[in-house]
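# Architecture and fold: a report
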Amino acid sequence: MQSPSDDASNTMRNPDLASSDLDGDMLREKCGVFGIYGHPDAAAITALGLHALQHRGQEAAGIVAFDGKRFHSERRLGLVGDTFSRREVIERLPGTAAVGHTRYSTTGETILRNVQPLFAELNAGGFAVAHNGNLTNGLTLRRELVKNGSMMQSTTDTEVILHLVAHSKRNRFIDRYIEALRAIEGAYALVSLTNKKLVGARDPLGIRPLVLGELDGAPILASETCALDIIGAKYIRDIEPGEVIVFDENGAQSHKPFAPQAPRPCIFEYIYFARPDSIAAGRSVYDTRKRMGEELARETHVEADVVVPVPDSGVPAALGYSRQSGVPFELGIIRNHYVGRTFIQPTQSVRELGVRMKHSANRAAIEGKRIVLIDDSLVRGTTSKKIVKMMRDAGAREVHFRIASPPITHPDYYGIDTPDRAGLLAATHTLEEMRDLIGADSLAFVSVDGIYRAMGEPGRDPAHPKFADHCFTGDYPTPLTDMSEIDAPRQLSLLAEAS
């Protein structure tokens, strides 16, 4: 659940905070997780895995390692490479088991005490946990735990899991862990480390992803297969929805404590979040995005001279659109990959210049031409408006905007940082109003059925949807307990901490 004190959410709700950055209008995913058990270079491998998962979160990163006697923790704000590319840091993380996390906050501010993996000392030993997702009853559980004497040290919903495990009266750790999972609702992919075990868990609907790999006989858990590829690990399988898998000196044990449910993985993993070179539930993300572009062309094609992607996420869909429509593909926008986060500039004129620090028009490819501009999603429309203007300033004769996902009409509560419904352009404007606001000659989205066809399905079955598609349909796959408590306080902490 998003808190008003969340810096990331405030940025999404306040256009001025993000107006200098073309990435400011993009959807952002909470985090990436990684864990390895029984390898002499556990921390170094975890750091490499987090590098591959950097796209899932750029605000903070952390690693906890265990050397057989003690746990060692390094957690820092910033990119993975800012800290974990240094030898002295890795040397401070000895041991043959480690878990890591790269973060983009959806619950809790971006401050050091929220950086994961979180760690606690329980009566049975140490316990570190890294969480990708969001709990839809996290605030409710938090209030109950505090009422019963728990002292919260962070403002992230992940800490609730630590306290639930600590409060359990079960004897075996795995039973305490499963009891905690039974209490939580929402989306989660968890990688946890104890004195003796590496534990992975996935929510019963499989909303958030988690895969299993192997390197030199050591098991690995990661958010995406691209994290396995970067270290040369072998992909074994996806962790199943509702599965809890444990690795220790006796090997692997799989537990399935929940009643089977029809899986509903997040559709945005395929549209935007996963890296194009990942394989998600047996589907190539790259190929799937190209098929989305093909569906977009079938449904919304317009006469044009060139197809231009909004880099980088719009490229596969634009390739698919071009292949289906026969309109040539051109790189009409060039992205500068060597620019970091742009600062908030003091004047509007300087802010507009800041837009071009990351993206610039390739005039030779678009001047005098009718262009079809392909992007993966449209959130508030502020980014789209600037890109359309950039195309016109570079001489485009017509700009037809095409979106390779359906209109986003509902906020997400499972780990995607979206505005409230009032901040979603498609929830508050008609198609024509949106077109007029962004300044395009035409605007169109792929349909929900079109997305399902790109996924290899005949269309969406409203009675049995196969994906978590609530941002398009309003059909939330789990209870939204925290949202039902309208009068509940939303402030998570009394302490204001400098980040």
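This section reports on the structure supplied with the text. (Residues numbered from 1 in each chain as written. Predicted model: local features only at pLDDT ≥ 70, side-chain atom pairs only at ≥ 80, totals over all residues. Heavy atoms only, no water.)

A word on the sheet that holds strand 21 (residues 398-403). Taken together, the four strands give an open sheet; going across it, the order is 17-20-21-23, and neighbouring strands pair in parallel fashion. Looking along the sheet, the strands with just one partner apiece sit at the ends: strand 17 (306-309) and strand 23 (442-445). Mean inter-strand twist for the sheet, computed between neighbouring axes without regard to direction, equals 25 degrees. Pairing of strand 21 with strand 23 involves four bridges; the strand directions are parallel. By the bridge assignment, H400 is partnered in strand 23 with S442. Contacts from helix 11 (residues 285-300) reach strand 20 (370-375), strand 21 and strand 23 within the one sheet, and its direction differs from that of strand 23 by about 125 degrees. On the sheet, helix 12 (residues 315-325) packs against strand 17, strand 20 and strand 21 and is oriented at approximately 165 degrees with respect to strand 17. (Pairing = 2+ DSSP bridges. Helix = DSSP H or I, 4+ residues; strand = E, 2+ residues; numbered from the N terminus. Axes fitted to C-alpha atoms, helices over the stretch in contact; angles between N-to-C directions. Contact = heavy atoms within 4.5 Å.)

What follows concerns the environment of A166. Among the structural elements, A166 can be located in helix 7 (residues 158-167). For A166, a relative accessible area of 36% gives the class partly exposed. With 16 residues separating them in the primary sequence, A166 and S150 have C-alpha atoms 9.9 Å apart. Ignoring any residue separated from it by four or fewer positions in sequence, one finds A166 in contact with L122 and R176. (Buried < 20%, exposed > 50% of the residue type's maximum accessible area, 1.4 Å probe, protein only.)

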